[in-house]
Amino acid sequence: MTTFRQHYNGCKTYGCAHCGDPTPSLYVPSHRLGFAAWHCPLCGAYPPLLLDAPIVALAEQIASTSFPTFTSPCCPSPHWVRYGKTGAGSARYRCNSCRKVTTLPSAQTLSALLDPLWQLLRQGVAPWEVAKTLGLNNKLMGLRWQKLAALFAQYGHLVQSQILSHEPLSAEHISQEKPLLHTRSRQQSCRSGLARAGNKAAMLWTLTTLDLRSGYVVLISDNWWAGNSDDISANHSGNHSAKNWLEASRYRAMLRSATPHVSSHPVDANRGEGQGTDSRQDSRSDNSAAEVIQLAEQTYQSIFARAQFDELKYCPWENSQVAQGALLRPVFAAHAHMQNLRAVIAGRHHPHLVLEHESFLRGAAITAFSEAVNSGEMSLYYAHCIKLVRTPDSEKTSAPTSHKLSWWPEKWQCEHLSRNGEPWQIGVGLLSPNSQNVTAKALFAQRPDWHQQFWQAWEAWLPSVQAARLSAERVAQWREIFRCLYNERLMPKAWQHNLRSIGALVDAINQHTAAQFVQKTD
């Protein structure tokens, strides 16, 4: 079971000796900027005060759905031995330390239950048509979706351990064997379930992290918390009552008819990516370095204009209500995502991590990876990418130009690149001491628009009009299933073969689990 950090307040400035340290005595409580903050006397930063409980609760929820296991942990020092089989032929193991018995899932049982569903999806049947084709009611279908999503989540977790450690793809790529990851936000529709919201769709704030070398989608999570005040345990309540815990954590929507925050990512114009919608075009004819740097400046100004740096208003009031659970503030979702990303890459080389240009996303990343960032083992970056209109001049590449932006100040590099026959202008913000050792050319050695490619495919598989009829839980389940479908072509051939049937998939998971039991015993 994954254990997450319990305290998230503290300095989030790279290079500061207090960076990532949650010790309260190091800071001075302050309202100087108009909001509750911990002032760091070493670097002068005023990071907004956060509630720890919603971050931990959401991180645990993400872990339970993104990295499920069919065998629960037993004790600190397990000693597993074979313990026969069930009547259905499933292998059983017993821990000689605590005497707990666990049973591996039955490939035969799960195959009979889920393979008809899976084969229809592989044949291209729309997910909302599957129940009708199989003749199942909503309740039975819901249980099957839940099992299928959990199965694929566990299988995907096994596969990406290889994906994240493969060799560099080209000579111009980063030489070290480090994961190269990119995290960006996206708005997704789901059913609100509330008549008072005018039956309008609720909007999820979703984060996606993918591998920039291959496009493999590593982790997707959103800001929907499934629980309510009755579900909050003493471990999650901290110094706050259950009611205050939840109410203080909810997304604070804009007033009705207010305009959402404008995205700073024109590459994904009108596709719901970034922090909002953008009316500007994807392609630009201007080939000057000032274009992408101007976007970075506009983003800084937008962040500074907020009443509180981490108070992102990503959708209006009428899209912020759900009948079940709650939509939490994006800053909590960002920290929960980064905590799970840390668990994904645990035991591997620390990654180069490219982030959407968002201050609290940087804070969440530097909190999760503070030791690696401070030691120079890991680099953090912001990025803006603009696809240019193809002209004779736009085909030319350029040497990086350097710029200093905002009052922090942060260094930016701008380059003109050609990727897959398309001209691009890339702006990269250097957020950690050793970030300057890697250029935009190396970070985006393949394609700058992997995120757009994934979400375009998702929209074709599940259009927003269909997603708006589904609960947030069902959207997350279908998202996990689609992630497996999308990633299949990027997997090693041996792993692709297992996806041909549910039986082969379960057998592969069981073989891995049995091997893990042997390792723990040894």
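This structure is a prediction, so every number in the text was calculated from the model and none was measured.

Attention now goes to the confidence of the model for the protein chain. Here the protein chain averages 83 in pLDDT, while 82% of its residues score no lower than 70. Counting contacts from residues 167–176, a segment whose pLDDT is below 50, to residues more than four positions away or on other chains yields 25 contacts. Within the model, the stretch residues 257–287 combines pLDDT values under 50 with 104 contacts to residues more than four positions away or in other chains.

Moving on, we get to helix 4 (residues 138–163). The end-to-end C-alpha distance of helix 4, which contains 26 residues, comes to 36 Å, matching closely the 38 Å that a straight helix rising 1.5 Å per residue would cover. N-cap assignment for helix 4: the residue whose side-chain oxygen lies 3.2 Å from the backbone N of Lys 139 is Asn 137.

All told, the structure shown has 13 salt bridges when counted by the stated rule. A salt bridge links Arg 252 to Glu 311; its shortest N-O distance comes to 2.4 Å. In this pair, Arg 252 is assigned in the loop between helix 6 (242–249) and strand 10 (283–284) and Glu 311 in the loop between helix 7 (290–304) and strand 11 (326–327), connecting sequence segments 59 residues apart. Classification of Arg 252 as partly exposed rests on a relative accessible area of 41%. The class for Glu 311 is buried, based on a relative accessible area of 10%. Here the salt bridges share partners, and the residues they tie into one network are Arg 252, Asp 310, Glu 311, Lys 313 and Arg 329.

Pairing between the strands of a sheet comes from backbone hydrogen bonds, and it takes one of two forms, parallel or antiparallel. In spatial order, the strands read 3-4-5; together these 3 strands make up an open sheet with antiparallel pairing. The open sheet has two edge strands, strand 3 (80–85) and strand 5 (101–103), and neither has a second partner. Looking at each pair of strands side by side, their axes are set apart by 30 degrees on average, direction ignored. Of the pairings in the sheet, the one linking strand 3 to strand 4 (residues 91–95) comprises 4 bridges and is antiparallel in character. Residue pairing across strands places Trp 80 opposite Cys 95, the latter belonging to strand 4.

Quick look at the pairing of strand 7 (residues 202–211) now. Within strand 7, 10 of the 10 residues are buried, leaving the element largely enclosed by the surrounding structure. Both faces of strand 7 are covered, namely the face carrying Ala 202, Leu 204, Thr 206, Thr 208 and Leu 210 and the face carrying Met 203, Trp 205, Leu 207, Thr 209 and Asp 211. One ladder, built from 10 bridges, connects strand 6 (residues 180–190) with strand 7; its direction is antiparallel. Directly across from Gln 188, in strand 7, lies its bridge partner Leu 204. Bridge count between strand 7 and strand 8 (residues 217–222): 5 bridges; the pairing is antiparallel. Bridged to Thr 208 within strand 8 is Ile 220. Hairpin connection between strand 7 and strand 8: a loop of 5 residues separates the two successive antiparallel strands, and Gly 215 in this loop has a positive phi of roughly 90 degrees.

Reading the values: rules and limits
- Residues numbered from 1 in each chain as written.
- Predicted model: local features only at pLDDT ≥ 70, side-chain atom pairs only at ≥ 80, totals over all residues.
- Heavy atoms only, no water.
- pLDDT = per-residue confidence, 0-100.
- Contact = heavy atoms within 4.5 Å.
- Helix = DSSP H or I, 4+ residues; strand = E, 2+ residues; numbered from the N terminus.
- Expected span 1.5 Å × (residues − 1).
- Polar contact = N/O pair within 3.5 Å; in protein donor to acceptor, adjacent residues only side chain to side chain.
- Salt bridge = Lys/Arg side-chain N within 4 Å of Asp/Glu carboxyl O.
- Buried < 20%, exposed > 50% of the residue type's maximum accessible area, 1.4 Å probe, protein only.
- Pairing = 2+ DSSP bridges.
- Axes fitted to C-alpha atoms, helices over the stretch in contact; angles between N-to-C directions.

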